[in-house]
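# Summary of structural features
Each chain is listed here by its residues.
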Amino acid sequence: MALPKVKADATEARLAGLTLPDTVSDARQSALARVSAMGLPHNRDEYWRFTNPRTLVQPEAPLAEVPAVDGAPLWDDVDRVRIVFVDGVFNAERSDDLKAAGLEIAQLSDALSADISWAKDLYGTLEARGQKPVDRPFAALNTAMATEGVAIRATAKAEKPVNLIYERESQSADPLLHTLIKVDSGAEMTVLETGAGGARFSSVIEVDVGEGGAFHHVRDQGRDHERRVLTHCFAQVAAKATFKSFTLSVNGALTRNECVIDIRGDDAIAHVAGACVGDGKDFHHDDTIFVTHDAVNCESRQVFKKVLRNGATGVFQGKILVKAGAQKTDGYQISQSLMLDDDSQFLAKPELEIYADDVACSHGSTSGAIDETALFYLQSRGVPRKQATDLLTLAFLAESLQEIEDDTLAEALRDRLAGWLERHATV
Amino acid sequence: MLEIKGLKVDLEEEDKSILKGVDLTVEPGKVHAIMGPNGSGKSTLSYVLSGKDGYTVTDGTATLDGVDLLDMDPEERAAAGLFLAFQYPVEIPGVGNMTFLRTAVNAQRKARGQDELSAGDFLKVVREKAKALKIDADMLKRPVNVGFSGGEKKRNEILQMAMLEPKMCILDETDSGLDVDAMKLVADGVNALRSEGRGFLVITHYQRLLDHIKPDVVHIMSDGRIIKSGGPELALEVEHNGYTDIVAEEA
Ligand SMILES: Nc1ncnc2c1ncn2[C@@H]1O[C@H](COP(=O)(O)OP(=O)(O)OP(=O)(O)O)[C@@H](O)[C@H]1O
Ligand SMILES: [Mg+2]
């Protein structure tokens with residue numbers, strides 16, 4: 001079916017400025033073909049109804065101011081392998097040695113040009129599969145064009161987490177990063193991501209969690225106001241394996257975090273969670289999740305919390321698909337927003353699609369103001385209104401942060417949130 | 001200590017008057033009890049004194065040690081030494097009981113220009129006071145009042161009072177929902193706080209609490225007014241005869 005002309009033109013304009021890199025050319029060629037066939041989205045597309053993709057489609061990234069660095073980096077006291085990208089380009093000087101017991105780490109370009117076959121096999125594979133039943137053309141664009149990123153394989157229980165650090169220096173950087181992760185059977189690893197990445201940042205992560213393996217992902221998307229970020233995480237989860245991903249987002253003109261999880265082996269667990277706080281009309285945050293259960297006795301959780309004020313917009317599109325035969329599925333989905341005033345909006349589209357009869361799935365979506373009764377109770381104990389509001393706001397966010405297994409990591413994020421709330425005075 | 005004069009209060013949302021001229025003075029070191037039929041305005045009085053939204057004071061004054069209460073934010077009233085043990089304690093999911101207590105204690109210390117308590121010092125005091133009220137470590141860890149039984153909630157109110165050491169304590173039906181043993185615990189908790197400088201206003205429907213916490217003065221509230229005041233014998237009269245006679249007599 002031919003694309004509508006506006007779409008075809010917009011897609012062509014975007015592709016005009018890009019040249020296909022020469023590694024893994026088959027994967028890139030077919031990804032490019034997917035982009036051309038799907039076309040980049042516009043806001044009349046059902047999947048982009050709540051988030052206008054215009055600034056993501058346009059050839060040039062809108063400029064985004066780089067905020068001054070203040071304070072110590074997140075998780076500074078955590079022993080971790082730091083891999084630093086500056087405006088989307090790997091920086092060896094600022095990075096640690098790409099070494100840790102239990103892990104094999106390589107730059108993406110090295111992994112794809114050398115004979116690292118798992119990386120070549122994985123590249124674009126989960127992304128391509130994740131195009132059904134919903135188009136994700138930006139992810140295919142990333143597969144076609146990305147040259148930066150890392151390939152990490154956990155062969156045992158990793159000695160320490162890997163921290164991908166996305167620093168910014170330019171107001172116009174428009175990088176694409178593609179990260180490949182393979183957790184071998186019975187292995188375990190944690191990947192941390194910090195920073196905004198670019199003026200406009202496209203990130204694709206493909207994660208293959210082998211039988212009995214565990215993958216933990218904790219991400220903080222920086223505090224830049226003007227940046228635009230589009231991330232895709234594609235995961236396949238084997239039997240008895242665990243996948244857990246948490247994202248904290250504060251500020252940002254546009255954020256869309258898509259997470260596509262395929263549970264393919266029995267007794268597996270997949271949790272994806274997020275907390276975001278936004279202040280002002282120029283804040284737009286979108287979590288778009290698709291969890292497919294295609295195995296028996298698996299558990300999935302989606303826990304998303306948003307704090308919105310001064311005209312901020314939050315979006316949640318979440319789906320649980322339970323395929324025929326995926327009995328004993330335990331699927332849970334909650335998306336909630338806390339509105340600190342009347343001007344903000346929360347748009348939610350929770351969906352369940354179930355083809356098995358012996359399952360327990362629940363979903364809920366709420367949007368509400370701060371609980372005045374609880375606020376008065378705290379005030380009557382001497383807690384000032386502002387402090388009481390912050391305490392209740394953090395309490396609201398707590399359920400999502402609880403999805404992070406490591407308390408040290410979670411505590412640092414809690415501190416960031418408390419700091420943000422303190423700086424953004426409410427009435 | 002607490003001085004209420006000609007206090008008249010309407011509901012903010014509806015055109016309805018609840019308190020129709022309340023006069024009441026609680027002296028330091030004294031325990032005053034308020035009894036009265038359901039809906040007579042007892043809780044409203046306690047809410048208005050502690051600064052809850054939704055009420056309009058149309059006339060009268062309320063002062064604590066000569067300072068105008070009605071002009072202050074709820075947290076300022078608390079820092080000034082006022083405490084209300086709620087008839088219906090509020091559940092706060094996501095906020096640990098211990099965090100809540102520490103935040104409250106330190107906020108009040110800060111408002112009074114005192115240093116915050118260290119985590120260690122605080123813990124020591126809480127443990128000791130919680131033990132006296134048979135509040136276990138688990139209840140301190142759980143979110144404020146969430147999943148607490150009725151009696152546990154009331155004991156938790158008294159723990160807060162013990163930690164905050166207010167000058168003027170208002171207890172709104174702290175006895176309701178308590179079993180006999182818990183009632184004794186709560187009364188002991190209150191009595192332990194009784195001192196020369198501290199005043200109590202105890203709202204209750206039952207004589208039984210007043211057996212444990214001996215009031216100096218008993219007031220009867222009806223239809224937004226204090227219609228009769230007397231000694232402890234007034235509570236006994238209510239216990240035996242109900243309110244009908246008193247209300248008729250004072251009408
Ligand atoms: N926010 C409100 N909205 C509507 N009516 C109210 C509100 N607050 C109080 N009232 C009404 O004011 C009157 C007094 O209520 P209040 O709770 O003060 O009574 P009380 O003496 O404490 O009763 P009880 O012994 O049952 O606890 C009642 O008729 C009650 O319905
Ligand atoms: Mg009452």
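All of the points below concern the structure found in this document. (Residues numbered from 1 in each chain as written. Chains lettered and ligands numbered in written order. Predicted model: local features only at pLDDT ≥ 70, side-chain atom pairs only at ≥ 80, totals over all residues. Heavy atoms only, no water.)

This paragraph deals with unusual backbone geometry. In this model, Lys132(A) is joined to Pro133(A) through a cis peptide bond whose omega is 0°. Turning to its location among the elements, Pro133(A) is positioned in the loop between helix H6 (125–129) and helix H7 (137–145). Of note in this structure, Asn310(A) is not a glycine but carries a positive phi near 55°. When you line up the elements, Asn310(A) lands in the loop between strand S16 (299–309) and strand S17 (313–322). Overall, the relative accessible area of 33% leaves Asn310(A) in the partly exposed class. A positive phi angle, near 45°, is found at Glu165(B), a position not held by glycine. Here Glu165(B) falls in the partly exposed class, since its relative accessible area comes to 48%. (Helix = DSSP H or I, 4+ residues; strand = E, 2+ residues; numbered from the N terminus. Buried < 20%, exposed > 50% of the residue type's maximum accessible area, 1.4 Å probe, protein only.)

A few words on the coordination of the magnesium ion (ligand 2). Tetrahedral coordination by four donors puts the ideal angle at the metal at 109.5 degrees, and octahedral coordination by six puts it at 90 or 180 degrees. All names here are of chain B. Looking at the magnesium ion (ligand 2), one finds its protein donor set to be Ser43 (OG) and Gln87 (OE1), positioned 2.0 to 2.2 Å from the metal centre. Within this pair, whereas Ser43 is found in helix H1 (residues 42–50), its partner Gln87 is found in the loop between strand S6 (82–85) and strand S7 (92–96), the two being separated by 44 residues in sequence. Per residue, the accessibility class of Ser43 equals that of Gln87, and both read buried. (Donors = N, O, S within 2.8 Å, 3.2 Å for Na, K, Ca; no water.)

In this assembly, 28 residues from chain B lie in contact with 16 residues from chain A. Across the interface of chain B and chain A, roughly 1800 Å² is buried in total on both sides, 70% from carbon and sulfur atoms. Applying the counting criterion to the chain B and chain A interface returns one salt bridge. Residue Arg381(A) is joined to Glu157(B) by a salt bridge in which the shortest nitrogen-to-oxygen separation is 2.7 Å. Summed over the shared surface of chain B and chain A, the number is nine residue pairs in polar contact (both at pLDDT 80 or more). Elements that contribute at least two residues to the side of chain B that touches chain A include exactly H1, helix H2 (74–79), S6, S7, helix H3 (97–111) and helix H6 (150–164) of chain B. Among the elements that make up the side of chain B that touches chain A, the one with the highest residue count is H3(B) (six residues). Taken together, the residues of the side of chain B that touches chain A sort by class into 17 nonpolar, eight polar and three charged. (Contact = heavy atoms within 4.5 Å. Buried area = accessible area lost by both parts, 1.4 Å probe. Salt bridge = Lys/Arg side-chain N within 4 Å of Asp/Glu carboxyl O. Polar contact = N/O pair within 3.5 Å; in protein donor to acceptor, adjacent residues only side chain to side chain. Nonpolar A, V, L, I, M, F, W, Y, C, P; charged D, E, K, R; others polar.)

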